[in-house]
Amino acid sequence: MTAFFHEHVALTALNTFGIVAHARRLAVLRDEAQLPTLLADGDFCHGPRLILGGGSNLLITQPEVNASVLQLATQGIQRVADDGHRVLIDVAGGEPWHRTVRHTLEQGWYGLENLSLIPGTVGASPIQNIGAYGVEVQDRLHSLRALSLPEGKIHVFSRDDCQFGYRDSLFKQQAGRWLVLSVRLSLSRQPGALTLYGDIRQALEQDGIAQPTPLDVSNAVMRIRQAKLPDPATLGNAGSFFKNPVVDARHAARLLADHPDLPHYPQADGQVKLAAGWLIDRAGWKGRRLGPAGVHDRQALVLVNHGGATGADILALASAVQAAVWAHYAVMLEREPVTV
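Keep in mind that this is a model prediction, so the values were computed, not measured.

A. Fine view of the overall build of the protein chain. Each helix and strand in the protein chain was counted, giving ten helices and 20 strands. Relative to a compact globule of 340 residues, whose C-alpha radius of gyration would be 20 Å, the protein chain shows 20 Å and is just as compact. Taking the principal axes of its C-alpha atoms as reference, the protein chain extends roughly 60 × 55 × 35 Å. In the protein chain, which comprises 340 residues, the proportion classed as buried is 48%. For the protein chain, the proportion of contacts with a sequence separation of at least 24, taken over those separated by at least 6, is 62%. When the accessible surface of the protein chain is summed, it comes to about 15300 Å², and 50% of that surface belongs to carbon and sulfur atoms. With 31 positive and 32 negative side-chain charges, the protein chain shows a separation of 1 Å between the mean positions of the two kinds.

Structure representation (structure tokens):
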């Protein structure tokens, strides 16, 4: 073993659910200059491994994680091109996502404002293809650099190479193979405001803002998220625990005939996306608890640790919620967080 890794390290502060667990070994990558040391570690490259960003999309189900855990903590934001209309910036994978969003707005680089206050790191954002309020990271991504851990080689991926889908990507499908080192984003110099969602429009109207700037949109999104979502520092959670399900048009039509107030969003392929939070709420689970694990009382998409919950407790609650939604609507919810 190299001194780069430390043995038997607590992971409780490194996952936003606050699950008590330890890693067999853990290292923090703060600089790409450390990559040769990392790649020289045979246990990491060839044994079980777990890559952490902000730990905000993670559910640890065992008290001991028998793997080499790497936390990506590289920093840096660099402008690489600017023609007065579009700006390309390279962002290190360990940069906090929300801090990056606010930095771009301060610089007059627009396009990320609808993704404000999403937890996690920049390197994790394309893996999950994070999205909110009509924008996904794929819409702003130009390319990225990722290290293939089995090969020890760095590859450059275009946006198309990433095989993005709804909360999905090549890197998620090949979990454990890729370490996203940096992300190149394409942003606009022209301020525009995407306010298609009613929550954003309502928040702006409450502030008397008729012609919002991107900063106004960012502030509105932050207020909305803070009002709906619990702070992991005070109530352990991983944000939205379930994806919004996508069903075929016939199934959607049947559901809407019985539940005309069901929020639904037609997709380009003819399918229909449904609101998972509405389904969970109407199935009777919003605000309910199973022991120390519960469904949040303001946002049914969020499962929370009320104190002392294990990963098994959270999984049991998730299974109960999934079973209830299936029984009521014949819709199977899919979990978002990575389960370890």
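B. Geometry of the layout of surface pockets. By volume, the second largest pocket amounts to about 150 Å³. Asp199, Gln202, Ala203, Gln206, Asp207, Ala220, Arg223, Ile224, Ala227 and Lys228 together form the lining of the second largest pocket. Those elements that place two or more of their residues in the lining of the second largest pocket are helix 6 (198–206) and helix 7 (214–228). Examining the composition of the lining of the second largest pocket, we find that five residues originate from one element, helix 7, more than from any other. A class-by-class count of the residues in the lining of the second largest pocket yields four nonpolar, two polar and four charged.

C. Representation of helix 6 within the structure. Along helix 6, the residues that are buried comprise Ile200, Ala203 and Leu204. The arc enclosing the buried residues of helix 6, seen along the axis, measures out at 95 degrees, which places them on a common side. Among the exposed residues of helix 6, those oriented more than 90 degrees off its buried face are Glu205 and Gln206. Considering only its buried residues, helix 6 is in contact with helix 7.

D. The sheet that holds strand 14 (residues 246–247), seen in detail. Read across the sheet, three strands follow the order 14-16-15 without closing on themselves; strand pairing throughout is antiparallel. The sheet is open, and its two edges are formed by strand 14 and strand 15 (264–266), each paired on a single side. As paired strands, strand 14 and strand 16 (residues 272–274) are joined by two bridges and run antiparallel to one another. By the bridge assignment for strand 16, Val246 is matched with Lys273.

E. Summary view of the pairing of strand 13 (residues 236–240). Where burial is concerned, most of strand 13 is hidden: four out of the five residues are buried. With three bridges connecting them, strand 13 and strand 19 (residues 302–305) associate as antiparallel partners. Looking across to strand 19, one finds that Asn237 is bridged to Val304.

F. The arrangement of the side chain of Ser188 in detail. In this fold, Ser188 is placed in strand 12 (residues 178–188). A polar side-chain atom of Ser188 sits 2.9 Å from the main-chain amide nitrogen of Gln190. Sequence-distant contacts of Ser188, defined by excluding residues within four places in its chain, comprise His85, Arg86, Gly108, Trp109 and Tyr110.

G. Structural view of the sheet that holds strand 11 (residues 153–158). Read from one edge to the other, the open sheet built from five strands follows the order 6-7-12-10-11, with strand pairing classed as antiparallel. This sheet does not close on itself; its edge strands, each paired only once, are strand 6 (77–82) and strand 11. With direction set aside, neighbouring strand axes in the sheet form an average angle of 20 degrees. As paired strands, strand 10 (residues 141–148) and strand 11 are joined by six bridges and run antiparallel to one another. When the sheet's bridge partners are listed, Ser143 is paired in strand 11 with Ser158.

H. Quick look at the nonpolar core. Ranked by internal contacts, the top residues of the largest apolar core, which has 47 residues, are Phe242, Leu279, Ile280, Leu303, Ile314, Val321 and Val325. At seven residues, helix 10 (residues 311–329) tops the list of elements feeding residues into this core. When residues no more than four places from it in sequence are discounted, the contact partners of Ile280 are Phe242, Trp285, Lys286, Val295, Ala300, Leu301, Val321, Val325 and Leu333.

About the criteria used
For every chain, the first residue of the written sequence is number 1, and numbering continues from 1 along that sequence. In keeping with the predicted nature of the model, local features appear solely for residues at pLDDT of at least 70, side-chain atom pairs appear and are counted solely at 80 or more, and the whole-chain, interface and lining totals rest on all residues. Side-chain numbers here rest on the full set of heavy atoms in the structure, without hydrogens or water. Only DSSP runs of H or I with at least four residues qualify as helices, and only runs of E with at least two residues qualify as strands; both kinds are numbered from the N terminus onward. Throughout, radius of gyration means the C-alpha value; the globule benchmark is 2.2 Å times the number of residues raised to the power 0.38. Type-normalised accessible area, obtained with a 1.4 Å probe on protein chains alone, sets the label of each residue: buried when under 20%, exposed when over 50%, and partly exposed for intermediate values. By definition in these notes, contact holds between two residues if any of their heavy atoms fall within 4.5 Å. What sets the accessible areas is the Shrake-Rupley method with a 1.4 Å probe; for residues, cover comes only from the shown protein chains. Only four residue types enter the charge count, namely Lys and Arg as positive and Asp and Glu as negative; His and the chain termini do not. All charge positions are set by atom: Lys at NZ, Arg at CZ, Asp at CG, Glu at CD. Here a cavity is any set of points on a 1 Å grid over the protein atoms alone where a 1.4 Å probe fits but cannot get out, and a pocket is any open set with protein on both sides within 12 Å along at least 5 of 7 lines; a residue lines the site when it has an atom within 4 Å of a point. Grid points are joined across faces, edges and corners, and a volume is the space filled by probe spheres set on the points. Here the term charged refers only to Asp, Glu, Lys and Arg, the term nonpolar to Ala, Val, Leu, Ile, Met, Phe, Trp, Tyr, Cys and Pro, and the term polar to all other amino acids, Gly among them. Directions pointing from the helix axis toward each C-beta atom define the arc. Any two strands with at least two DSSP-identified bridges between them are counted as paired. Side-chain atoms alone can form a polar contact between residues adjacent in sequence; in general such a contact is a pair of N or O atoms within 3.5 Å, and within protein one must be able to donate a hydrogen while the other accepts it. All axes here are fitted lines through C-alpha atoms, helices being fitted over the stretch that makes contact, and every angle between N-to-C directions spans 0 to 180 degrees. Among the buried residues, those of types Ala, Val, Leu, Ile, Met, Phe, Trp, Tyr and Cys that are joined through side-chain atoms within 4.5 Å form a nonpolar core.

Functional significance is not addressed by these values, which are geometric in nature.
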